[in-house]
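# A structural walkthrough
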Amino acid sequence: MAIKMDGKALAEKMRREIREETARLSRRPTLAVILVGEDPASQVYVRNKEKDCVECGILSQGYRLPEETSEAQLLELIGVLNDNDLVDGILVQLPLPKHISEQKIIHAIRPDKDVDAFHPFNVGKIVTGEAGFLPCTPAGIMELLKEYQIEIAGKECVVVGRSNIVGKPMALLLLREHGTVTICHSKTAQLTDQTRRADILVSAVGKVGTITGEMVKDGAVVIDVAMNRNAEGKLCGDCLYDEVAAKASYITPVPGGVGPMTRLILMKNTLTAAQAHLDKEKKPQERFAP
Ligand code: NAP
């Protein structure tokens, strides 16, 4: 039976570390969180982010805008936040109402405040392997793999899902750690042939039962990213948990695996942004002290 990778416990440890770090700064980091419209799931996500901020010693500035907010108005707010030296990170909760281009909004956030790491500048840095913000969910998964001392170099890594926020950056981070990476998607022929080769299998599809026991190699590490509701309305992942756990060596539960880590990486990115901004504010002689 697989060992459960406890994202909740690791997130708690990270929370303590971030709180200690923020307490050492000359001012508290600030995260601006923008929510447009009344989507109930987004409201829950935003509330959780604001709660995480409080627990990590980060100030959150909430902007609740009505559904009919225009693209120009949202761009104007982002411009104001970009220019505010006391704002370290800007997060626009997605999805946005249909009349607002998500791409335009993502492009408008200053890359040094883009704590979600969605701006093409930050995406480019992930591709080239330069230091910068890492996208929250894949970076959280990398922390979990590190915590459980899972070796990635030379391993067959199969990522199911190719979204810009999970699948693609996940594949890049595994490649960066020298995994041999395959990306699968809805047009992949014979998905089982691919998943059965995986030493590390990451599923980010969003459909209950996508990964069954027979699709998993004995001893594989299985990371279930998805957050689905089953027929009884209970939160669950892509994997048929019991049969996959019977084959795997490690598995992330849903809930309590990837989700808590995603939330803490956002806090870590905000702290990193604040540290960089505070460093810039220092006088040159302080920055270059012998
Ligand atoms: P998404 O944008 O809908 O992407 C889903 C991906 O799955 C697509 O690339 C799609 O392929 C692929 N896919 C769909 N059906 C498939 C099939 N039968 N076989 C193989 N691949 C298939 O979703 P996302 O934003 O990446 O999120 C994925 C899941 O993770 C969702 O359940 C979401 O709620 C969850 N999530 C969790 C967290 C967390 O913190 N735990 C964070 C983000 C997302 P195509 O590209 O060909 O359409």
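For the structure itself, look to the data block above.
So, here is what we can say about the structure in this document. Each chain has its residues counted from 1, running along the sequence as written. In keeping with the model being predicted, local features are shown solely for residues with a pLDDT of at least 70 and side-chain atom pairs are shown and tallied solely at 80 or more, while totals for entire chains, interfaces and linings include all residues. Working from all heavy atoms in the structure, the side-chain values ignore hydrogens and water.

## Focus: the environment of Asp 193
Looking at where Asp 193 falls in the secondary structure, it is placed in helix 8 (residues 191–195). The class of Asp 193 is partly exposed, set by a relative accessible area of 48%. Counting along the chain gives 59 residues from Asp 193 to Leu 134, while the straight-line C-alpha distance between them is 30 Å. Numbering of helices and strands runs from the N terminus, with a helix taken as a DSSP run of H or I at least four residues long and a strand as a DSSP run of E at least two residues long. Each residue is assigned to one of three classes by its accessible area relative to the maximum for its type, calculated with a 1.4 Å probe on protein chains only: buried under 20%, partly exposed between the two thresholds, exposed over 50%.

## Focus: empty space enclosed by the protein
A cavity here means a set of 1 Å grid points, computed over protein atoms only, where a 1.4 Å probe fits but cannot escape. A pocket is an open set with protein on both sides within 12 Å along at least 5 of 7 lines, and lining residues have an atom within 4 Å of a point. Grid points are joined across faces, edges and corners, and a volume is the space filled by probe spheres set on the points. Throughout the structure, instances matching the rule amount to one cavity of 30 Å³ or more. Looking at the largest cavity, the residues that line it are Ile 90, Leu 91, Val 92, Leu 94, Ile 105, Ile 106, Ile 109, Asp 114, Asp 116 and Phe 118. Contributions of two or more residues to the lining of the largest cavity are made by strand 4 (89–92) and helix 4 (102–108). If one sorts the elements of the lining of the largest cavity by residue count, strand 4 sits on top with three residues.

## Details of the site of the ligand
Around the ligand there are 21 residues in total, and Arg 162, Ser 163, Ser 186, Lys 207 and Thr 262 lie nearest to it. N or O atoms within 3.5 Å of each other form a polar contact, as long as, within protein, one can give a hydrogen and the other can take it, and as long as residues adjacent in sequence are counted only when both atoms are side-chain atoms. Arg 162 is positioned such that a nitrogen or oxygen atom in its side chain is 2.7 Å from an oxygen atom of the ligand. Take Ser 186: an N or O atom from its side chain is 2.6 Å from an oxygen atom of the ligand. Here the ligand, which alone exposes 930 Å², has 70% of that area covered by the protein. The element best represented in the shell around the ligand is helix 10 (residues 258–281), accounting for three residues. Its residues assigned to classes, the shell around the ligand shows ten nonpolar, nine polar and two charged. The cutoff for a nearby residue is simple: one of its non-hydrogen atoms must lie within 4 Å of the molecule or strand. Using the Shrake-Rupley algorithm and a 1.4 Å probe, accessible areas are obtained, with residue cover drawn only from the displayed protein chains. Residues are grouped as follows: Ala, Val, Leu, Ile, Met, Phe, Trp, Tyr, Cys and Pro are nonpolar; Asp, Glu, Lys and Arg are charged; all remaining types, including Gly, are polar.

## Points about the layout of surface pockets
By volume, the largest pocket amounts to about 1,200 Å³. Together, 43 residues line the largest pocket, and Tyr 45, Thr 137, Ile 165, Met 227 and Thr 262 are the ones closest to its centre. At the level of secondary structure, the elements contributing two or more residues to the lining of the largest pocket comprise helix 2 (40–56), strand 4, helix 6 (136–147), strand 9 (228–229) and helix 10. Split by residue class, the lining of the largest pocket holds 25 nonpolar, eleven polar and seven charged. When contributions to the lining of the second largest pocket are tallied by element, the ones reaching two or more residues are helix 5 (120–128), helix 6, helix 7 (167–176) and helix 10. At five residues, the largest contribution of residues to the lining of the second largest pocket is made by helix 6. A breakdown of the residues in the lining of the second largest pocket according to their chemical character gives twelve nonpolar, five polar and seven charged.

## Points about the pattern of salt bridges
We define a salt bridge as a side-chain nitrogen of Lys or Arg found within 4 Å of a carboxyl oxygen belonging to Asp or Glu. Within the structure shown, the criterion is met by 15 salt bridges. Put simply, Arg 64 and Glu 50 hold a salt bridge, and the shortest N to O gap is 2.9 Å. In this pair, Arg 64 sits in strand 3 (residues 59–65) while Glu 50 sits in helix 2, placing the two residues 14 residues apart along the sequence. Owing to a relative accessible area of 46%, Arg 64 belongs among the partly exposed residues under this scheme. In this structure, the salt-bridge partner of Arg 197 is Glu 156, at a minimum N-O distance of 2.8 Å. Placement of Arg 197 in the loop between helix 8 and strand 7 (200–203) and of Glu 156 in strand 5 (residues 156–160) is noted, with a sequence separation of 41 residues between them. Taking the relative accessible area as the measure of exposure, Glu 156 reaches 26% and is therefore partly exposed. When salt bridges that share partners are traced, they join Glu 12, Arg 15, Asp 52, Glu 55 and Arg 263 into one network.

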